[in-house]
Amino acid sequence: MSESISITTTQPAQTAASPSFWQDARHRLWKNKLAVFGLVVVCVLGALSLASYLWPNLTGYTYARQDLTLGPAPPSHAHWLGTDALGRDLLARLLYGGGISLTVGLYATGVSLIIGVIYGAISGFAGGKVDSVMMRIVDILYALPFVIFVILIMVFFGQSLVLMFIAIGAVEWLTMARIVRGQVMAVKRQEFVEAAHALGLSEARIIFQHIVPNLLGPIIVYATLTMPEVILLESFLSFLGLGVQPPQSSWGVLIKEGADVMQEYPWLLIYPAAAMALTLFSLNFLGDGLRDALDVRGSKD
Amino acid sequence: MIRFIIRRLLETVPVLFIIATATFFMMHAAPGGPFSSEKQAPPEVQARINAFYGLDKPLFQQYLRQMKHLLTGDLGPSFKYAGRTVNEIIGDSFPVSAELGCEGLFVALLFGLVAGMVAALKQNTFWDHLPMSLAMVGLCVPTFVLGPLLVLVFAIHLDWFNAAGWFFPRDRILPALTLGAVYAAYIARLCRGGFLEVLHQDYIRTARAKGASDARILFKHSLRGGILPVVSYLGPTIAGVLTGSFVVETIFGIPGFGRFFVIAAFNRDYFMVMGSVLFYAVLVIFLNLAADIVLVWLNPRLRFEE
């Protein structure tokens, strides 16, 4: 596998003794401080959110527990990040909301990944008329105001999380399809594909067992770069009141609530906004770093 | 080129048809109707209202009627704003959104292009790192964080602007900045990449050797090639600026079209939703076509397909 990947890159062919493609990539990634920083932040935030999901009492409070006599309190020893107007602990809500935001990010990216890879791989592998029709469809879809459709779907069919994964994923697969198609076109003429043909393997098997694994680099990179976009879209919907419903929280909901009262209780805006910006930063840095490390050419046309 | 344009226009017909059909059936599949949220009127009154708007007919007949209306360009009456047609509402509120969008786009292009060009020209110096770091910040701070923060600092603490409203020219500044920031960041990155590619070409080295100034190299020799990536990004950008204005309009209390759209969807204002969706779709498709034409005009190596 390692040899075939190095062919798809712009690097000159490696000698047998040199480290494998993935070792090389890992080495380059470790040298990129910003990318490592991003990786660490994403892992820590993910772990914290997971922990707060497993142990809802992690911060001493659950995300929905109200303390109406306390009301909105600035950060203190008891509540590290303060409380909101209903006396709910902001740290607990932030972690819980982070869990939701990251989950939406992961699943929606997963949906877009599945659609995009399958569509792009088929289009690129088939070539000819099929390819041009399939890509024409993508071009046309690109030109549509999709966010409007997501809004409509969310308004009409209730605000369930599953629906949100599907709606967002269905919007974000286009770029992935284009990238995968381009890469498949480049790979499908190579000898190992010819060999697979000669062995009499089915086309589906050639595409998904022999070609797609060679595209892991670009796929990983663009999945990493899709996640921040998805998280932004989720919070955009939450901001419009279409995302998760109270008493649940996501970062979009928290930012919306904070923005409404920022003059009186600025911490309610600052901490969620910072958490979200930090996550998006980290994912973007990680994505850029991975792109450099895996030497994926800028195929985002 | 004429053939290209005609072909693209013909292509939009089935696309718009599919959009209209999908929107129609999605709307009617959703629970609730335009008059179900209001205080319950007596059944006979409700029946009259439904008959007046043709809502008592079978779904398919309603569909045909809707399509016929759309063909004539009549988007129908609004259910919620009694006595007003959708055409009037769009006519009143869209100019506001369009103005906001143009100003946001202007902000995006101004800051994005300047930052990107400076960064490319001074690659790997402070003047490269500073604008690119700012662009990264711009990418990661969502509109609905930036907007309230700008209001907090410039309207509430410094008192330079009004916190909300759409009355005076200076009311435009904060919304335009909020709307344009993300796109400025994207454009800066694309523009830097585009110019870097051009600046490494041999003919630029020749121009330098002949003693051309930085400004001449930028504007005379590399502008055309350098902004290509930005132009191809403009189509999607415009779509984004238009939909992004939903949030900005909410934050700054601007009487634009985006708010009508979201409210209309909540109200099941069928004609209003259909009208808005098609209006946006047509707008976005035409702007994309315009961006493609400009792209070919800038880069003669690209030819119009077929």
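Please read these numbers as outputs of a predicted model, since none were measured by experiment.

Conventions adopted
Residues numbered from 1 in each chain as written. Chains lettered and ligands numbered in written order. Predicted model: local features only at pLDDT ≥ 70, side-chain atom pairs only at ≥ 80, totals over all residues. Helix = DSSP H or I, 4+ residues; strand = E, 2+ residues; numbered from the N terminus. Buried ≥ 20, exposed ≤ 12 C-beta atoms within 10 Å, placed from the backbone. Contact = placed C-beta atoms within 7 Å. Nonpolar A, V, L, I, M, F, W, Y, C, P; charged D, E, K, R; others polar. Expected span 1.5 Å × (residues − 1). Bend = angle between axes of the 7 residues up to and from the residue. Core = buried A, V, L, I, M, F, W, Y, C linked by C-beta atoms within 7 Å. Axes fitted to C-alpha atoms, helices over the stretch in contact; angles between N-to-C directions. Parallel < 35°, antiparallel > 145°, perpendicular 65-115°, else oblique. Left-handed = near helix turned anticlockwise from the far one by under 90°. pLDDT = per-residue confidence, 0-100.

Caption draft 1: Quick peek at the overall build of chain B. The helix and strand tally for chain B stands at 12 helices and 0 strands. Listed N to C, the secondary structure of chain B is α-α-α-α-α-α-α-α-α-α-α-α in terms of helices and strands. Each principal axis of the C-alpha distribution contributes one length, and for chain B these read about 85 × 60 × 30 Å. With 306 residues in all, chain B has 39% of them scored as buried. Taking the contacts inside chain B whose residues are at least 6 apart along the sequence as the reference set, 75% of them involve residues at least 24 apart.

Caption draft 2: Looking closely at the overall build of chain A. Within chain A one finds 12 helices and 0 strands. Traced from its N-terminal end to its C-terminal end, chain A shows the element sequence α-α-α-α-α-α-α-α-α-α-α-α. Considering chain A as a whole, with its 301 residues, one finds that 49% of them fall into the buried category. A separation of at least 24 residues holds for 70% of the contacts in chain A among residues at least 6 apart in sequence.

Caption draft 3: View of the interface of chain A and chain B. Each partner contributes to the interface: chain A provides 28 residues, whereas chain B provides 30 residues. Of all the secondary structure elements, the ones that give two or more residues to the side of chain A that touches chain B are helix 5 (128-142), helix 6 (146-156), helix 10 (216-239), helix 11 (251-260) and helix 12 (267-294) of chain A. The residue inventory of the side of chain A that touches chain B, partitioned by class, reads 24 nonpolar, 3 polar and 1 charged.

Caption draft 4: Seen up close, the environment of Leu105(B). All names here are of chain B. Looking at the secondary structure, you find leucine 105 in helix 4 (residues 86-121). For the pair leucine 105 and leucine 242, spaced 137 residues apart in the sequence, the C-alpha separation amounts to 9.7 Å. When sequence neighbours within four positions are dropped, the list of residues in contact with leucine 105 reads Gly180, Ile238 and Val241.

Caption draft 5: Examining helix 7 (residues 161-187) of chain A more closely. All names here are of chain A. Here helix 7 contains 27 residues, and its C-alpha end-to-end distance of 37 Å stays within 8% of the 39 Å for a straight helix at 1.5 Å per residue. Taken as a whole, helix 7 carries its principal kink of about 40° at tryptophan 173. When you tally the buried positions in helix 7, you get 19 out of 27 residues, the bulk of the element.

Caption draft 6: How the structure looks around the nonpolar core. Grouped together as the largest cluster of nonpolar side chains are 163 residues, with contacts concentrated most on Val150(A), Ile151(A), Ile255(A) and Ile187(B). Examining the composition of this core, we find that 17 residues originate from one element, helix 7 (residues 173-199) of chain B, more than from any other. In contact with Ile255(A), not counting residues within four places along its chain, are Ser235(A), Phe239(A), Leu269(A), Pro272(A), Ala273(A), Met276(A), Phe144(B) and Val145(B).

Caption draft 7: Quick look at the environment of Gly194(B). Residues and elements named next belong to chain B. The topology assignment puts glycine 194 in helix 7. Residues glycine 194 and glycine 225, spaced 31 residues apart in sequence, show a C-alpha to C-alpha distance of 7.2 Å. Apart from residues no more than four positions distant in its own chain, glycine 194 is found in contact with Gly226, Ile227, Leu228, Pro229 and Val230.

Caption draft 8: Spotlight on helix 5 (residues 126-140) of chain B. For helix 5 of chain B, which comprises 15 residues, the first-to-last C-alpha distance of 21 Å matches the rise-based estimate of 21 Å (1.5 Å per residue) to within 8%. Structurally, helix 5 of chain B contributes buried residues whose contacts are with helix 12 of chain A together with helix 4 and helix 7 of chain B.

Caption draft 9: Structural context of the packing of helix 4 (residues 90-126) of chain A against helix 5 of chain A. Residues and elements named next belong to chain A. Contact geometry of helix 4 with helix 5 gives a least axis separation of 7 Å together with a crossing angle of 145°. Here Tyr119, Ser123, Gly124 and Ala126 of helix 4 come into contact with helix 5, specifically with Gly128, Val130, Asp131, Met134 and Met135. Split by residue class, the contact of helix 4 with helix 5 holds 5 nonpolar, 3 polar and 1 charged.

Caption draft 10: Here's a closer look at the packing of helix 1 (residues 2-29) of chain B against helix 3 (residues 59-71) of chain B. Residue and element names in this part refer to chain B. Look at helix 1 against helix 3: their axes get within 11 Å of each other, and the N-to-C directions meet at 140°. Relative to helix 3, the element helix 1 is oriented oblique. As helix 1 packs across helix 3, the resulting crossing turns out to be right-handed. Contacts between helix 1 and helix 3 involve Ala20, Phe24 and His28 on the former and, on the latter, Leu59, Tyr63, Gln66, Met67 and Leu70.

Caption draft 11: How the structure looks around the environment of Asp269(B). Among the secondary structure elements, Asp269(B) is positioned in the loop between helix 11 (257-267) and helix 12 (270-298). Residues Asp269(B) and Leu283(B), spaced 14 residues apart in sequence, show a C-alpha to C-alpha distance of 21 Å.

Caption draft 12: Representation of the confidence of the model for chain A in the model. Overall, the predicted model of chain A reaches an average pLDDT of 78, with 87% of residues at or above 70. Residue range residues 1-15 of chain A is modelled with pLDDT below 50. Its contacts to residues more than four positions away, or to other chains, number 22 contacts.

Caption draft 13: Region of interest: the confidence of the model for chain B. Per-residue confidence for chain B gives a mean pLDDT of 80, with 93% of residues at or over 70. Reported confidences for the modelled complex are a pTM of 0.77 and an ipTM of 0.72.

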